[in-house]
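Analysis of the macromolecular model
The residues making up each chain are set out below.
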Amino acid sequence: MAGTGLSGAASLAGVGTTPFSRDSGISTTALACRAVLTALDDAGLGIGDVDGIATHRVGDSSPPWVVGPALGITDPAWHLDQFGGGGVSHAVIGQAALAVAAGIADVVVCYRAINARSEFRMGGQGRAPAGAFDLQYQAPYGLLAPVQHYAVPARAHMQAYGTTHEHLGAIAVRQRANAAANPRALKRDPITLDDYLASPWVSEPFRLLDCCLETDGACALVVTSAERARDLRRPPVDIAAAAWAGGHSTYSPPAPGGLGDDLTTSSAARLAPRLYAMAGLGPDDVDLAELYDCFTWTVVVQLEDYGFCRKGEGGPFAASEALGIGGELPVNTHGGFLSEGYVHGINHVAEAVGQLRGDAGPRQVDGAEVALSTGQPGYVLAGTSALLLTAGR
Amino acid sequence: MNRTQSLRQDVRDQDGRRRDGRGAAAPRPRPGADRDSAYWWEAVGEGRFLVQYCADCRTPRFPAREVCAVCLSLEWEWREGTGTGTVDGWTVTRRTFHPAFEAPYTVLRVALDDGPALYCWGRLVGADPGDLRRGQPVEAVFTDTGPAPGAGAPTGGGAFTKVVDWRPRE
Ligand SMILES: [Zn+2]
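Keep in mind that this is a model prediction, so the values were computed, not measured. (Residues numbered from 1 in each chain as written. Chains lettered and ligands numbered in written order. Predicted model: local features only at pLDDT ≥ 70, side-chain atom pairs only at ≥ 80, totals over all residues. Heavy atoms only, no water.)

Now for the overall build of chain B. A tally of regular secondary structure across chain B gives two helices and eight strands. Ordered by position from N to C terminus, the α and β elements of chain B give α-α-β-β-β-β-β-β-β-β. Scored against the burial criterion, the 170 residues of chain B give a buried share of 48%. Once local pairs closer than 6 in sequence are excluded, the contacts in chain B between residues at least 24 apart make up 60%. Accessible surface computed for chain B: about 8300 Å², of which carbon and sulfur atoms make up 47%. (Helix = DSSP H or I, 4+ residues; strand = E, 2+ residues; numbered from the N terminus. Buried < 20%, exposed > 50% of the residue type's maximum accessible area, 1.4 Å probe, protein only. Contact = heavy atoms within 4.5 Å. Areas by Shrake-Rupley, 256 points an atom, 1.4 Å probe, with all protein chains shown as cover.)

Below, the structure written as structure tokens:
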């Protein structure tokens, strides 16, 4: 049975981001260091306070055993170099919260630093496929890029439930409008549904404007105990719940009769009950949601699987006014990965913290008390993770 | 040219092939079988579609594994599979991601007829992707993969002399 011991034990006390760009001109080590220092300054802490350091990466970025020593953190009491993509982006922060709750570390910095446009393009052409294991069943057919892996469940969902290109387009259009109010966003010029429908195919049903940006940049978050966070510079944001769920992977086979039979339901459907139970909250309590948007369609399936609408209704719901800044459930208030930039999951957490502090400026959600922030919903490199965050008192 | 640009790999790899999808075709990626799957791929190379079954509880599984996820038995047997299934999902890729695969092309996820939760991938052959629908019956065909990548190529690996593709079944 899931315990609730983690709920409220740890908080996010600092957040730091570098500028997002198409070419940072600096190393991922330098990006990571800048984001970590900014986050510590935000919290009112120094390097000497840090005793934990963590990241996730897929062989594309500077690890904790480089970034730590580069900042003088030579003997962290806890560290984590998590292999994985967006599915583990929120797990890293959840695991830092566990380390803090267990008394192993006091102050953990979690970062993600990527030059995903100028150095290591996930959607790039000509990349050698990763190693064997389950990619052996996709790579020989030209199924190589994340956009292709997501296109298959998206197509299945469209066929099963009548989700349309216009539903997907509405997500891209709205998130671009949100980004216009975000100085950090890379894409701020408004787009229309016609612009969306005219954008070139990449891998059907996805057009270019269904795809997240490839971004250079870094984000860092400071995780500490809820008690300590209350003595620091900024209003604390509490980790009301962190949850994990197993794979629904396009790479890994489902166990017979088990997970992953139905492409139209994501791993979030299994994670969500754990997450809400840990926090003692439900979907109706969520004031805003930062939903992992590597592609537009992942918003659709997560709206369903996190319980904001019924199965199959995610398309019409995503296209409705409900998801705007002033709506009943503002989603991807910063523009998301589609328009702000793609720092592999962690910039969703940074935005949620800003919203819960009331720091979000013209895109601020009134009365934001509870935010959901989610990782990739378990389709690629199996597994997913998510956080429920609450404004500290 | 700034520092970052100077570190980028050239558009051509060491064999002179373009890495950006334009120009001459390149050998298909052959990521390599693992020690569980090698027998299956060797059979594919002979034009046979095998399915692994637990020797104790008789549950079929795909891809190959040493252990049965249902009863944890380590005993298994190979049987001739049906080589048929139904379309579960697909994508028509309209951008070239690898020089071996010139866009457009269609990749299917196929639910095998041999049992529940058995999925195989492959390209659509002999049909227009515009006519695809979920649940559509398909059958396996075996496609020669052509010459192996040159020594030292990033996609070198196992034999993979044939792969499984799919065509509509009447
Ligand atoms: Zn068995």
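Glancing now at the overall build of chain A. When helices and strands are tallied, chain A shows 12 helices and 11 strands. The C-alpha radius of gyration computed for chain A amounts to 19 Å, which stays within 12% of the reference 21 Å derived for 393 residues, consistent with globular compactness. The buried share of chain A, taken over its 393 residues, is 64%. Long-range contacts, defined as pairs at least 24 residues apart, comprise 77% of the intrachain contacts of chain A with a sequence gap of at least 6. Split by element, the accessible area of chain A, about 12500 Å² in all, is 53% carbon and sulfur. In chain A, 25 side chains carry a positive charge and 39 a negative one; their mean positions are 4 Å apart. (Rg over C-alpha atoms; globule rule 2.2 N^0.38 Å. Lys, Arg positive; Asp, Glu negative; His and termini not counted. Charge placed at Lys NZ, Arg CZ, Asp CG, Glu CD.)

With that settled, consider the coordination of the zinc ion. Residues and elements named next belong to chain B. Around the zinc ion, the protein contributes the donor atoms C54 (SG), C57 (SG), C68 (SG) and C71 (SG), at 2.3 to 2.4 Å from the metal centre. Classification of the site at the zinc ion as tetrahedral follows from its four donor atoms and the range of 101 to 116 degrees in their angles at the metal. The sequence pattern formed by the donor residues of the zinc ion is C-x2-C-x10-C-x2-C. With a gap of 14 residues between them, C54 in strand β1 (residues 50-54) and C68 in the loop between β2 (60-61) and β3 (76-80) connect regions that are remote in the sequence. The pair formed by C54 and C68 is uniform in burial state, with each residue classed as buried. (Donors = N, O, S within 2.8 Å, 3.2 Å for Na, K, Ca; no water. Tetrahedral: all angles 85-135°; square planar, octahedral: opposite > 155°, others 65-115°.)

Now for the packing of helix α4 (residues 146-161) of chain A against helix α9 (residues 296-305) of chain A. Residues and elements named next belong to chain A. Contact pair α4 / α9: the axes reach a minimum separation of 10 Å and the direction vectors enclose 55 degrees. On the basis of the axis angle, α4 is oblique to α9. For the pair α4 and α9, the crossing hand works out as left-handed. Across from Y150, P153, A154 and H157 in α4, the residues of α9 making contact are W297, T298, V300 and E304. Split into classes, the residues belonging to the contact of α4 with α9 amount to five nonpolar, two polar and one charged. (Axes fitted to C-alpha atoms, helices over the stretch in contact; angles between N-to-C directions. Parallel < 35°, antiparallel > 145°, perpendicular 65-115°, else oblique. Left-handed = near helix turned anticlockwise from the far one by under 90°. Nonpolar A, V, L, I, M, F, W, Y, C, P; charged D, E, K, R; others polar.)

Attention now moves to the UniProt feature "domain: ChsH2 C-terminal OB-fold" (unreviewed entry) in chain B. If you check UniProt for "domain: ChsH2 C-terminal OB-fold" (unreviewed entry), the listed places come out as residues 78-142 of chain B in our numbering. Secondary structure within residues 78-142 of chain B divides into 0% helix and 49% strand; the distance between the first and last C-alpha atoms comes to 19 Å. (UniProt positions renumbered as here; feature names shortened; annotations may be inferred.)

Residue and element names in this part refer to chain B. Pairing is antiparallel across the open sheet formed by three strands, whose spatial order is β2-β1-β3. Each end of this open sheet is capped by a strand with a single partner; those strands are β2 and β3. Summarising the sheet, β1 and β3 pair through five bridges and their orientation is antiparallel. By the bridge assignment for β3, Y53 is matched with E77. (Pairing = 2+ DSSP bridges.)

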